[in-house]
Amino acid sequence: CVIKNRPCKIIEYTTSKTGKHGHAKANITATDIFTEKKLEEICPTSHNMYAPNVTRAEYSLIDIADDDQLTLQNAEGDLLEHLNLSTSSKEVQDLVKRKFAAGDDLQVQVVKAMDE
């Protein structure tokens, strides 16, 4: 779902009974799929919610530049060079750098939603 213009994964959904104003409410708790920040939304159950178009693609890691810029390549040979490893957690950064330095072949899964 989309909460506060962020693509989210719903982790909890509860509804309340119809009140004196005639609408049951939905209490939605979700996490942002990119930042893992917890977000909440309360809305009438009769309202529609938007669902983001989320895509995943597999790439091979070709190079890591000194500024942590990644060079990735898909199965068709197209290069992707706008992602930076520094946006990942310290644990992920260390793991990727260690395995890349050891010569391991690494596959990277890139998630896209709402132009991010």
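Everything discussed here concerns the structure shown above.
On a predicted model such as this, the values are computed, not experimentally measured, just so you know.

### Let's talk about the overall build of the chain
Inference 1: Secondary structure summary: the chain contains 1 helix and 8 strands in total.
Inference 2: For 116 residues, the compact-globule estimate of 2.2 N^0.38 gives 13 Å, and the C-alpha radius of gyration of the chain, at 20 Å, exceeds that figure by more than 25%.
Inference 3: Over its C-alpha atoms, taken along the principal directions, the chain stretches across nearly 65 × 30 × 20 Å.
Inference 4: Buried positions account for 26% of the 116 residues belonging to the chain.
Inference 5: Contacts in the chain between residues at least 24 apart in sequence constitute 44% of all its contacts with a sequence separation of at least 6.
Inference 6: Put simply, the chain shows about 8500 Å² of open surface, and 47% of that area lies on carbon and sulfur atoms.

### Examining the side chain of Asp 68
Inference 1: Mapped onto the elements of the fold, Asp 68 is located in the loop between strand E5 (55-64) and strand E6 (70-73).
Inference 2: When residues no more than four places from it in sequence are discounted, the contact partners of Asp 68 are Leu 83, Asn 84, Leu 85, Ser 86, Gln 93 and Lys 97.

### Considering the layout of surface pockets
Inference 1: Taken as a whole, the largest pocket holds about 960 Å³ of empty space.
Inference 2: If you trace the largest pocket, you find 22 residues lining it, with Thr 87, Ser 88, Gln 109, Val 110 and Val 111 closest to the centre.
Inference 3: Broken down by secondary-structure element, the contributors of at least two residues to the lining of the largest pocket are helix H1 (90-101) and strand E8 (107-112).
Inference 4: Per-element accounting of the lining of the largest pocket gives the leading share, 6 residues, to E8.

### Focus: the sheet that holds strand E7 (residues 79-80)
Inference 1: In spatial order, the strands read E7-E6-E5-E8; together these 4 strands make up an open sheet with antiparallel pairing. The outermost strands of the open sheet, each flanked by one partner alone, are E7 and E8.
Inference 2: In terms of strand pairing, E6 meets E7 through 2 bridges, oriented antiparallel. Pairing of Leu 72 across the sheet is with Leu 80, part of E7.

### Remarks on the pattern of salt bridges
Inference 1: Taken as a whole and assessed by the stated rule, the structure comprises 5 salt bridges.
Inference 2: The salt bridge partner of Glu 116 is Arg 6, with a shortest N-O separation of 2.4 Å. Remark: Arg 6 occurs in strand E2 (residues 6-15) and Glu 116 occurs in the segment after E8; sequence separation between them is 110 residues.
Inference 3: Under the relative-accessibility criterion, Glu 116 is labelled partly exposed at 43%.
Inference 4: You can call Arg 6 partly exposed: its relative accessible area is 22%.
Inference 5: Via salt bridges that share partners, Arg 6, Asp 32 and Glu 116 belong to a single interconnected network.

Here is what the cut-offs are and how they apply
Throughout this description, residue numbers start from 1 for each chain and increase along the sequence as written. Since the coordinates come from a predicted model, pLDDT governs what is reported: local features require at least 70, and pairs of side-chain atoms require 80 or more to be given and counted, while whole-chain, interface and lining totals use all residues. Only hydrogens and water are set aside when side-chain values are computed; all heavy atoms of the structure are taken into account. Put simply, DSSP H or I for four residues or longer makes a helix, DSSP E for two residues or longer makes a strand, and each gets a number counted from the N terminus. Only C-alpha atoms enter the radius of gyration; for comparison, a globular chain is expected to reach 2.2 Å times N to the power 0.38, where N is the number of residues. Three exposure classes are used, based on accessible area relative to the maximum for each residue type with a 1.4 Å probe and protein chains only: buried under 20%, partly exposed in between, and exposed over 50%. Contact definition: two residues touch when any of their heavy atoms are within 4.5 Å. Residue-level accessible areas treat just the shown protein chains as cover; the underlying method is Shrake-Rupley with a 1.4 Å probe. Using a 1 Å grid laid over the protein atoms alone, points where a 1.4 Å probe fits but cannot get out form a cavity; open sets with protein on both sides within 12 Å along at least 5 of 7 lines form a pocket; any residue with an atom within 4 Å of a point counts as lining. Grid points are joined across faces, edges and corners, and a volume is the space filled by probe spheres set on the points. Whether two strands pair comes down to DSSP finding at least two bridges between them. Should a side-chain nitrogen of Lys or Arg be within 4 Å of a carboxyl oxygen of Asp or Glu, the pair is scored as a salt bridge.

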